[in-house]
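Architecture at a glance
Letter by letter, the chains look like this.
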Amino acid sequence: QVHLAESGGGLVQPGGSLRLSCAASGFPFSSYTMSWFRQAPGKERELVATITSFGSTTIHADSVKGRATISRDNAKSTVSLQMYSLKPEDTAMYYCYARTTHFSLTREYWGQGTQVTVSS
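A short tour of the structure in this document, coming up. (Residues numbered from 1 in each chain as written. Predicted model: local features only at pLDDT ≥ 70, side-chain atom pairs only at ≥ 80, totals over all residues. Heavy atoms only, no water.)

Residues Leu 18, Leu 20, Cys 22 and Ala 24 point to one face of strand 3 (residues 18-25) and are all buried, whereas Arg 19, Ser 21, Ala 23 and Ser 25, pointing to the other face, are not buried. In this sheet, strand 3 lies alongside strand 1 (residues 3-7) in antiparallel orientation, the contact comprising 5 bridges. Directly across from Ala 5, in strand 3, lies its bridge partner Ala 23. The pairing of strand 3 with strand 8 (residues 78-83) spans 6 bridges and is antiparallel. When the bridges of strand 8 are listed, Cys 22 appears paired with Val 79. (Buried < 20%, exposed > 50% of the residue type's maximum accessible area, 1.4 Å probe, protein only. Helix = DSSP H or I, 4+ residues; strand = E, 2+ residues; numbered from the N terminus. Pairing = 2+ DSSP bridges.)

Our next topic: the state of the cysteines. For the structure on display, the rule yields 1 disulfide. Each disulfide pairs two cysteine sulfurs, and for Cys 22 the partner residue is Cys 96, the sulfurs being separated by 2.1 Å. Handedness here is read from the sign of the S-S torsion; for Cys 22 and Cys 96, about -85 degrees, the answer is left-handed. Here Cys 96 lies in strand 9 (residues 92-102) and Cys 22 lies in strand 3, a separation of 74 residues in the sequence. You can call Cys 96 buried: its relative accessible area is 0%. (Disulfide = S-S within 2.5 Å.)

Let us now look at unusual backbone geometry. With phi around 45 degrees, Ser 85 is a residue other than glycine that occupies positive phi space. Structurally, the position occupied by Ser 85 is in the loop between strand 8 and strand 9. Given a relative accessible area of 40%, Ser 85 falls into the partly exposed group.

Looking now at the side chain of Gln 82. Mapping Gln 82 onto the fold places it in strand 8. Looking at Gln 82, the relative accessible area reads 16%, which means it is buried. For Gln 82, the side chain forms a polar contact with the main-chain oxygen of Leu 18, separated by 3.3 Å. A distance of 3.3 Å separates polar atoms of two side chains, one belonging to Gln 82 and the other to Arg 19. (Polar contact = N/O pair within 3.5 Å; in protein donor to acceptor, adjacent residues only side chain to side chain.)

Looking now at the pattern of salt bridges. If you walk through the whole model with that rule in mind, you get 5 salt bridges. Residue Arg 38 pairs with Glu 46 through a salt bridge whose shortest N-O separation is 2.6 Å. Note that Glu 108 is salt-bridged to Arg 99, the shortest N-O span being 3.4 Å. Ionic contacts of the salt-bridge type, sharing partners, join the residues Arg 38, Glu 46, Arg 67 and Asp 90 into one network. (Salt bridge = Lys/Arg side-chain N within 4 Å of Asp/Glu carboxyl O.)

Here it is in structure tokens:
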């Protein structure tokens, strides 16, 4: 059974840091591109960062570039998002996302999300 479990969210003051983690199980983790998305109330879900299957390529949204780093540990089937200099506009539910495409067949999975609130 596929499971993506996010953790690490919470309340943090502006300028603070958080490390989000996602533990994956039930699928061949190292074959999947992993991403973090976020969704703020009343807004569409947006991509925050992506890391390819062996970590050779990472992409960060302009909104977090220089303030966030995505990483993965294939041995532990985990993906993390280290966030720095947090702003109130970073407040959102953060979701872990896994995707792979093989022979034109795409498989994708979502976690349940972890809430990040940036407020003084």
